[in-house]
2 protein chains.
Amino acid sequence: MQPNWIKQRAYLTPNRVALSFNDQEWTFNELYLQSVRLAYKLNTLQLTNGKRVAVLAPSTPALVELLYACMQAHCEVVLLNSRLAKKELTYQIEDAEVDTILVADEELAKLPDDARIVPFSQLYETHESEYDIATQWDEDFALTIMYTSGTTGFPKGVCQTVSNHSSSAISSALNLGISEKDTWLCTVPIFHISGFSIVVRSLLYGMKIRLYEKFDAKKCAQEIIKGTVTKMSVVAVMLENILSEMERIGQKAHPEFSTMLAGGGPVPIGYLERAEKLNLRVAQTYGMTETASQTATLANEDAMTHIGSAGKPLFFNDIRIDAKDGEPIGEILIRGPHVTPKYIGQFKHKPTTIDGWLHTGDVGYLDEEGYLYVVDRRSDLIISGGENIYPAEIENVLLAHPNIKEAGVCGMEHDRWGQVPVAFVVLKEKISEQKIIEFCELNLANYKVPKQVHFVNYLPRSGSNKLLRRNLLLLLDDL
Amino acid sequence: MQPNWIKQRAYLTPNRVALSFNDQEWTFNELYLQSVRLAYKLNTLQLTNGKRVAVLAPSTPALVELLYACMQAHCEVVLLNSRLAKKELTYQIEDAEVDTILVADEELAKLPDDARIVPFSQLYETHESEYDIATQWDEDFALTIMYTSGTTGFPKGVCQTVSNHSSSAISSALNLGISEKDTWLCTVPIFHISGFSIVVRSLLYGMKIRLYEKFDAKKCAQEIIKGTVTKMSVVAVMLENILSEMERIGQKAHPEFSTMLAGGGPVPIGYLERAEKLNLRVAQTYGMTETASQTATLANEDAMTHIGSAGKPLFFNDIRIDAKDGEPIGEILIRGPHVTPKYIGQFKHKPTTIDGWLHTGDVGYLDEEGYLYVVDRRSDLIISGGENIYPAEIENVLLAHPNIKEAGVCGMEHDRWGQVPVAFVVLKEKISEQKIIEFCELNLANYKVPKQVHFVNYLPRSGSNKLLRRNLLLLLDDL
C-alpha cells in the first residue's frame, strides 16, 4: 500500500506551490481541496473506486485538477491523445470499455456522439456528494492507462500502476537529484507518459510544475535563461527550437537550470554541441509507455564521451540484450518495478513480460561499460517530433481503401520533425495521391498521415513474403 | 526483487568516490571489487546465501567493506554494538543463533571464547572461492539485524529487510533532497541504524561517505565550515559540541552544508537558536531501530515555529495516535514500508505490528497541522548521548544480585549526555554503592551503568503493584 499521494502531499507541504500556469499559481493544498470537491462530484456521477474513465483535454490546470480528482476517486484514467483522429479515439474508447468520457468542452468536436460523454462544464455543475476518500492506494492499482501501438498496428491499452509510477519517479530522483528549489517545465502533453510523469514527480517530490498548454520555444528559452525553471522534458525538435532561440538572442542557461531531459528518440550530436555552448545540460533518455517513462538515462557528464548512447539503467531497473550467440546486438529487454504488469481490452490476455522481461522490439547493444545504444527502433517505428508512429497502423488504414492492393510505410528524414511517414502503394484501380491522403486524414491523426504517397509496381519483400520496410526508400531510385 | 545494490551502484557510477577516511578514498568500483574478493573468502567459509553472521568492529573502512561483502554474499548480518558488556554480547549471539562471528582483531577481547569466532585477520588469509554472486535481492531478505530493548528488558533482534532499508533511504531523499555534490559525514557508529542507514543512502544515491571512527567535534566543525561535507547525522550532545567549537573559533557553516539530521531524542531549543546563528540547518527526526531510521523529520524551515516537534512523517509513512476518547495524547503508532516485519530469536513469534501498525510505546500527539510531538519516550526510555537505555534491562541486572530485593531505574538530567541512568534499590542485605556499580559494570555497557545508586525502603508502585519509574526521583526528597 502507498498513501494517497494527493492527500499526503497536501498534508506534508500544504503551502508549497504545486502548479504555475500563465500568471496563476496553486499550492498543493489548493489543488487538494479543489480535487476533493471534484471527487465529490465524480461520486455523484458514481465514478469512484475502480471505475474506468477516459479523459480528453488540453494540458491546462483544469486537466491537472481533474486527474488529481480521478486519482482521489480511485478511478482508472484512460488518457486520450487529443491529436488523434475520431476513428482512433473511438477505437480506444471501445477497447477500454470506459464507464464515462470526461471531455474539455473545447475538445467535444473531436469525439463521436456517445452517451457516456460528460463535458467538463457538466461535471462542474454536478452537485457534490461527500464520501470517504481512500487514504491508501493499492500498489497494483492502474492509476493510468495509455494506448500505444506495436507490430500489429492495433494500439494496446497499457496499465500504469501506482507502483510503476512511483518507482519511475523515485528512480529518476536517484539519478537526476532533487532539490526544494526544483521547478519542472512541462510543455509536453500530459496525456503522454512524458507529461504525466511530471505530475507524478511533482506529487512525490513536493515539486512545482510550470505548465504550458503548448510548447513555445521563446517562452521556454526565457524561463531557462532566467532560471525560473530547473528541469524540462523535451524531444529533439523542441530542443532544437530552444537552442535556436537562445542562440538568436545570445543568452545562456541560468546556472540554477539543471537538466534538459531529452526523450522520444535520439538527439543529433550537433544539438548536444550547441547545448554545451549555452551551458544547457542535456540528459538523453530511453523510455516508453510500457515503462512509465525513463528506463535508462545518460548523465550529462557522459554526453560527449558516449555520443548516441541512452545511458545506463536507473537504479532499480535492469537492461539485457537478447542477442544470438556471439553477436553483441539484439533485442532490448527491460526489467524493473516500472514495467507495466498488464494490458487491457483486446490484448488483456497478452502478457507484458516473458520471464519478467519486457521485450521492447527495439534493437540495441550495451558497450563494455554498460552504456545502452539503441540501434533500431521497434517494428520500424517512426518518431516524428517525439510522437511514435507505427507503420503497420498506417498500412492498415491504406489497405482498407478499395483501390489499394498493397501498402508499405516507412520514415523519411525531415529537418524539423526528425522523421515523417511516407507511403508506397500498389494499386488495384487508379486513384490520386491527394485522394489517398484525404482518406488517411479521415482515419488518422495528422502527424501520422503520409506526407508523400508513391505508386509502385511491387513492394520489397523477404523470402517469406514479409514486407521489408527498410528497403522501401530504395524504390525511390527507380521512380 | 531489487538489484544487488553494490553491483548496481558500481555499474552505474564506478568512478564516483564512495568512501573517504583520513586521507584515503575509495570509489564505488574499488569497494565493489574488494567486497567481491571478501565474498569469495566468505564462500570458502561457507558463509553465503542466508547464513547469519554477527559482526563486531569499529566504524572503519574495513567494516564498510565487510558489510558490502556480507550483503553480496547474501548473509544476514547481526550488527553487534561494541559498547556492550560481554554478557550482553553473549546474549545477542546466542539469541540470534549465528553461524559465525566476524570480529575485528582489536575487538576480540570483548567477546567470550566461542568456536564460531573468525577474526578479520583470519578471514583476510582465507583463500577465495569464486561463485555466482546474486544479481537480484529479495525485498523481504533481512539484510541486517539489530538488537533493541523494550519493556521487558530483554533485547529483541529486529530484522531490517532490503525493502525496509531502501524505502527509508528513498523517503529520506524525497524529504531532504539529494544532489551529486552530497557527502554525508558519518561519525555515528555503523552498528546503529543511524550509521548503517548512511551506508544504504550512499549505495542508493551514489553518495560519498566521509567516515570517522569516532566523533571528533573539532574535525567535524572544520568539515562543516569548509563545506567538505553537506549532511551529517548527530544526537543532541554531538550537536552541542560542534556548536561550541564553531562558536569558539567564530566560524559559520559553509553554504553548501545543507542538513544536520538530529535524532536520538529531542534537541534543546537553545541548541537550535545557536545553530541558527551559525547558519547550521538542523532537521530534527524521530525514528528507531524498528523503522530502519527516520519515520518523521522536521524541516529546518519549521524548526523555530514548531519547537519540540519531530515534524511530519516521510512521504510513504503514516503516523497515528492511539488515544482514548477525546484525549489528544496517546501512543504513537507507525505504518509504512520501513517498519520491520519480524523479530528473531526468542521473540520470533511476537508480531511487530497490530493491524499493520507498529506500537512504539512512545507517547505523543499530532497538532492541528499534523506535526508530531513526542511527549514521553517508550517504557521510560532513557536517552543518554543518543544511546537508548531501557530501565528494565538495568533492573534485571540489579535484581540478579543476591543482596538486592527490589530495583527501579530512571533517567536523571545531565548537562553533557542529556540523561544518565540512576538506580533505586531496596536491599536484602547490606552492600555498598561501589560494589553494586562494579557488579553492573560486569554485566552492562558502560553507558548503561547507573551513575548513582540510592538505597530506599520502598519503591513507588501503582495499585496493581506496577513500578512507577516516573516517581522514583521524588524519593530523593526523602533521602
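All values reported here derive from a predicted model rather than from experimental measurement.

## A few points about the relation of the copies chain A and chain B
Expressed as a screw operation, the relation of chain A to chain B combines 0.0 Å of axial shift with a rotation of 180°, fitting to an RMSD of 0.1 Å. What we have between these two chains is a two-fold relation. When C-alpha distances to the rotation axis are compared across chain A, the minimum falls at A:Ile178, with a value of 2.7 Å.

## Some thoughts on the sheet that holds strand β20 (residues 343-344) of chain A
All names here are of chain A. Taken together, the 7 strands give an open sheet; going across it, the order is β7-β6-β4-β5-β9-β10-β20, and neighbouring strands pair in mixed fashion. Across the chains shown, the open sheet's two edge strands, defined by having one partner strand only, are β7 (117-119) and β20. Here strand β4 (residues 52-56) runs beside strand β6 (residues 100-103); their pairing, made up of 4 bridges, is parallel. Bridging across to β6, Ala-54 finds its partner in Ile-101.

## Overview of the interface of chain A and chain B
Between chain A and chain B, the contact holds 31 residues from the first and 31 residues from the second. For the pair chain A and chain B, the summed buried area comes to about 2600 Å², and 57% of that belongs to carbon and sulfur atoms. It is A:Tyr11, A:Leu174 and A:Phe315 that lose the most area in chain A upon contact with chain B, and together they represent 26% of the buried surface on that side. Linking chain A to chain B there are 0 salt bridges. Inspection of the region where chain A meets chain B yields 13 residue pairs in polar contact (both at pLDDT 80 or more). Those elements that provide at least two residues to the side of chain A that touches chain B are β1 (2-3), α1 (5-12), α6 (162-176), α7 (193-205) and β17 (309-313) of chain A. Per element, the largest residue contribution to the side of chain A that touches chain B is 5 residues, and it comes from α1(A).

## Side note on the sheet that holds strand β25 (residues 404-414) of chain B
Strand pairs in the sheet, formed through backbone hydrogen bonds, run parallel or antiparallel to each other. Residue and element names in this part refer to chain B. One open sheet holds the 3 strands; their spatial order is β25-β26-β27, and the pairing between them is mixed. Looking at strand neighbours, the two that pair on one side only are β25 and β27 (452-455), the edges of this open sheet. Strand-to-strand twist across the sheet, computed as the mean angle between neighbouring axes with direction ignored, equals 25°. Strand direction decides the pairing type here: strand β26 (residues 418-427) and β27, joined by 4 bridges, are parallel. When the sheet's bridge partners are listed, Val-422 is paired in β27 with Gln-452.

## Side note on the domain arrangement of chain A
All names here are of chain A. Taken domain by domain, chain A consists of domain 1 (2-137), domain 2 (183-376) and domain 3 (382-478). With centres defined by C-alpha atoms, the gap from domain 2 to domain 3 works out at 28 Å. Each side of the interface is counted separately: domain 2 has 8 residues, and domain 3 has 8 residues. Counting the surface domain 2 buries against domain 3, the share from its top three residues, His-192, Val-237 and Gly-264, is 54%. One can count 1 residue pair in polar contact (both at pLDDT 80 or more) joining domain 2 with domain 3.

## Considerations on the environment of B:Asn29
Here B:Asn29 lies in helix α2 (residues 28-44). Each residue touching B:Asn29, except ones within four places of it in the same chain, is listed here: B:Ala10 and B:Pro14.

## Observations concerning the packing of helix α9 (residues 236-249) of chain B against helix α10 (residues 269-277) of chain B
Residue and element names in this part refer to chain B. Axis separation between α9 and α10 bottoms out at 10 Å; the angle between their running directions is 40°. Relative to α10, the element α9 is oriented oblique. Handedness of the α9/α10 crossing: left-handed. Residue-level inspection shows Ala-236, Leu-239, Glu-240, Leu-243, Ser-244 and Glu-247 of α9 in contact with α10, the latter providing Tyr-271, Arg-274 and Ala-275. When grouped by side-chain class, the residues that make up the contact of α9 with α10 number 5 nonpolar, 1 polar and 3 charged.

## Focus: a nonpolar patch on the surface
Residue and element names in this part refer to chain A. Together, Ile-269, Met-304 and Ile-307 make up a nonpolar patch on the protein surface, roughly 210 Å² of accessible area in all. With respect to the element layout, Met-304 can be found in the loop between β16 (293-297) and β17. Accessibility expressed as a relative area gives 31% for Met-304, which makes it partly exposed.

## Thoughts on the packing of aromatic side chains
For the coordinates displayed, the defined rule picks out 12 aromatic pairs over all chains. Where A:Tyr91 meets A:Tyr147, the ring centres are 6.3 Å apart and the plane angle is 75°; that geometry is what we call edge-to-face. Placement of A:Tyr91 in helix α4 (residues 86-96) and of A:Tyr147 in strand β9 (residues 142-148) is noted, with a sequence separation of 56 residues between them. With relative accessibility at 22%, the residue A:Tyr91 sits in the partly exposed group. On the basis of relative accessibility, which here comes to 13%, the residue A:Tyr147 falls in the buried class. Taking the centre distance of 5.1 Å and the plane angle of 5° together, the rings of B:Tyr365 and B:Tyr373 count as stacked. Residue B:Tyr373 is classed as buried on the basis of its relative accessible area of 13%.

## A look at α1(A)
Residue pairs spaced three or four apart in an α-helix point in one direction, given the helix's 3.6 residues per turn. Residue and element names in this part refer to chain A. Buried residues dominate α1, accounting for 6 of its 8 residues. Within α1, the full set of buried residues consists of Trp-5, Ile-6, Gln-8, Arg-9, Ala-10 and Leu-12. Of the residues that open α1, the one with a side-chain oxygen 3.0 Å from the backbone nitrogen of Ile-6 is Asn-4.

## Some words on the packing of α1(A) against α7(A)
Residue and element names in this part refer to chain A. Close contact between α1 and α7 brings their axes to 8 Å; oriented N to C, the two are set at 45°. When the axes of α1 and α7 are compared, the pair comes out oblique. In contact with Trp-5, Ile-6 and Arg-9 of α1, α7 contributes Val-200, Ser-202, Leu-203, Leu-204 and Tyr-205.

Conventions and cut-offs
Residues numbered from 1 in each chain as written. Chains lettered and ligands numbered in written order. Predicted model: local features only at pLDDT ≥ 70, side-chain atom pairs only at ≥ 80, totals over all residues. Heavy atoms only, no water. Least-squares fit on C-alpha atoms with pLDDT ≥ 70 in both. Pairing = 2+ DSSP bridges. Helix = DSSP H or I, 4+ residues; strand = E, 2+ residues; numbered from the N terminus. Contact = heavy atoms within 4.5 Å. Buried area = accessible area lost by both parts, 1.4 Å probe. Salt bridge = Lys/Arg side-chain N within 4 Å of Asp/Glu carboxyl O. Polar contact = N/O pair within 3.5 Å; in protein donor to acceptor, adjacent residues only side chain to side chain. Axes fitted to C-alpha atoms, helices over the stretch in contact; angles between N-to-C directions. Domains from an automatic or database assignment. Parallel < 35°, antiparallel > 145°, perpendicular 65-115°, else oblique. Left-handed = near helix turned anticlockwise from the far one by under 90°. Nonpolar A, V, L, I, M, F, W, Y, C, P; charged D, E, K, R; others polar. Patch = residues over 30% accessible without salt bridge, like charges linked within 9 Å, V, L, I, M, F, W, Y side chains within 5 Å. Areas by Shrake-Rupley, 256 points an atom, 1.4 Å probe, with all protein chains shown as cover. Buried < 20%, exposed > 50% of the residue type's maximum accessible area, 1.4 Å probe, protein only. Phe/Tyr/Trp six-rings, centres within 6.5 Å; stacked < 30°, edge-to-face > 60°.

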